[in-house]
Amino acid sequence: MNKFTLPFLFFASLILFSCSSIEIFKENTEIPAAKPYNSFVIINQEVNMRGFSAQYLDERVQEKLKAYLESQGMVYDKMEPDLVIRYTSNEDQRQREVNNYNNPYPYWGYRVWDPFMYNPYMNNYGRRTDNYELLQVIVDFIDPKKDKFLMTLTGVTEVSSPKSKEKKVLKATEKILERFSSELNTSQ
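What counts and how
Residues numbered from 1 in each chain as written. Predicted model: local features only at pLDDT ≥ 70, side-chain atom pairs only at ≥ 80, totals over all residues. Heavy atoms only, no water. Helix = DSSP H or I, 4+ residues; strand = E, 2+ residues; numbered from the N terminus. Phe/Tyr/Trp six-rings, centres within 6.5 Å; stacked < 30°, edge-to-face > 60°. Buried < 20%, exposed > 50% of the residue type's maximum accessible area, 1.4 Å probe, protein only. Pairing = 2+ DSSP bridges. Contact = heavy atoms within 4.5 Å. Core = buried A, V, L, I, M, F, W, Y, C linked by side-chain atoms within 4.5 Å. Salt bridge = Lys/Arg side-chain N within 4 Å of Asp/Glu carboxyl O. Polar contact = N/O pair within 3.5 Å; in protein donor to acceptor, adjacent residues only side chain to side chain.

Draft legend 1. Quick look at unusual backbone geometry. Its identity as a non-glycine residue notwithstanding, N28 has a phi of 60°, on the positive side. Along the polypeptide, N28 turns up in the loop between β1 (23-27) and β2 (39-42). Non-glycine residue D147 carries a positive phi angle of around 55°. Structurally, the position occupied by D147 is in the loop between β5 (127-143) and β6 (148-159).

If you want it as structure tokens, here you go:
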């Protein structure tokens, strides 16, 4: 093991864990997913209903859903599917206040050289407001024969720029589909 291996591993893990995470939540389970599903339909595509505010993003999610499920051996059947998929999103603009002053002991010793640091009339010292979007990708998996939910999976993440929105939406969709596949495999 050379002297560069340990620092490289440290920085690689730091970069990996500093990325914004995507949390997946399972809810709305009415019946267990117990049978293998061979065909599916995406309701949004059939009734021309958009799940996202941007049309290109909506189309990319449909492509991602279709490609993943077809890679798992399922076929698209709009007449008599074994599985109905419906997706939507919740795109919520938010703000957060960020404090750039990182002193662990804020009141100790600084009054000597900076008497205005904690002056209530100068309260914006070291603070800024960041805008971000709390993004939820919600996918319903429905059994059409029983007309009940197998599950609803929600991927939640934060988006700080329009450039990263498409990437995060597709990653959340991928994680939702992986979770659905693992739920099917554990129930059988």
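From this point, the narrative continues.
Draft legend 2. Examining the packing of aromatic side chains more closely. The full count for this structure, using the stated rule, is three aromatic pairs. On the basis of an interplanar angle of 5° and a centroid distance of 3.9 Å, the ring pair of F141 and F180 is categorised as stacked. Here F141 is found in strand β5, whereas its partner F180 is found in helix α4 (residues 162-187), with 39 residues between them in sequence. The class for F141 is buried, based on a relative accessible area of 0%.

Draft legend 3. Local environment of the pairing of β6. Along β6, ten of the twelve residues are buried, which leaves the element largely enclosed by surrounding structure. Where β1 lies against β6, five bridges are found, and the strand directions are antiparallel. Its bridge partner lying in β6, E23 is registered against V156.

Draft legend 4. Expanded view of the environment of R86. Within the fold, R86 resides in strand β4 (residues 83-99). The partly exposed category is assigned to R86, whose relative accessible area is 31%. Distance in space between the C-alpha atoms of R86 and G51 is 8.6 Å, their sequence separation being 35 residues. Those residues within four positions of R86 in sequence are excluded, and the remaining contacts are N44, M49, I138, V139, D140, I142 and F149.

Draft legend 5. Layout of the nonpolar core. Core analysis: the largest hydrophobic core is formed by 31 residues, its most contacted members being L83, I85 and F141. Listed by contribution, the elements that provide at least two residues to this core are β2, α3 (55-71), β4, β5, β6 and α4. No other element matches α4, which puts six residues into this core. Ignoring any residue separated from it by four or fewer positions in sequence, one finds L83 in contact with Y37, S39, F40, V41, M74, F141, I142, P144, L150 and F180.

Draft legend 6. Structural detail: the environment of S161. If you trace the backbone, S161 turns up in the loop between β6 and α4. With relative accessibility at 27%, the residue S161 sits in the partly exposed group. Along the chain, S161 and E133 lie 28 residues apart, while their C-alpha atoms are 8.3 Å from each other.

Draft legend 7. Local environment of the pattern of salt bridges. Considering all chains together, one arrives at eight salt bridges under this definition. A salt bridge links E183 to K26; its shortest N-O distance comes to 2.9 Å. Placement of E183 in helix α4 and of K26 in strand β1 is noted, with a sequence separation of 157 residues between them. Its salt-bridge partner being R86, residue D140 comes within 3.1 Å of it at the nearest N-O pair. Pair noted here: D140 is in strand β5 and R86 is in strand β4, with a separation of 54 residues, a long-range link.

Draft legend 8. Quick look at the side chain of S89. Looking at where S89 falls in the secondary structure, it is placed in strand β4. Engagement of the side chain of S89 in a polar contact is seen with the backbone oxygen of G51, the distance being 2.7 Å. Of the polar contacts made by the side chain of S89, one reaches the side chain of E91; its length is 2.9 Å. Residues within four places of S89 in sequence aside, it is in contact with G51, F52 and Q136.

Draft legend 9. Main features of the side chain of T173. Within the secondary structure, T173 is located in helix α4. Judged by its relative accessible area of 1%, T173 is buried. Ignoring any residue separated from it by four or fewer positions in sequence, one finds T173 in contact with V61, K64, L65 and V137.

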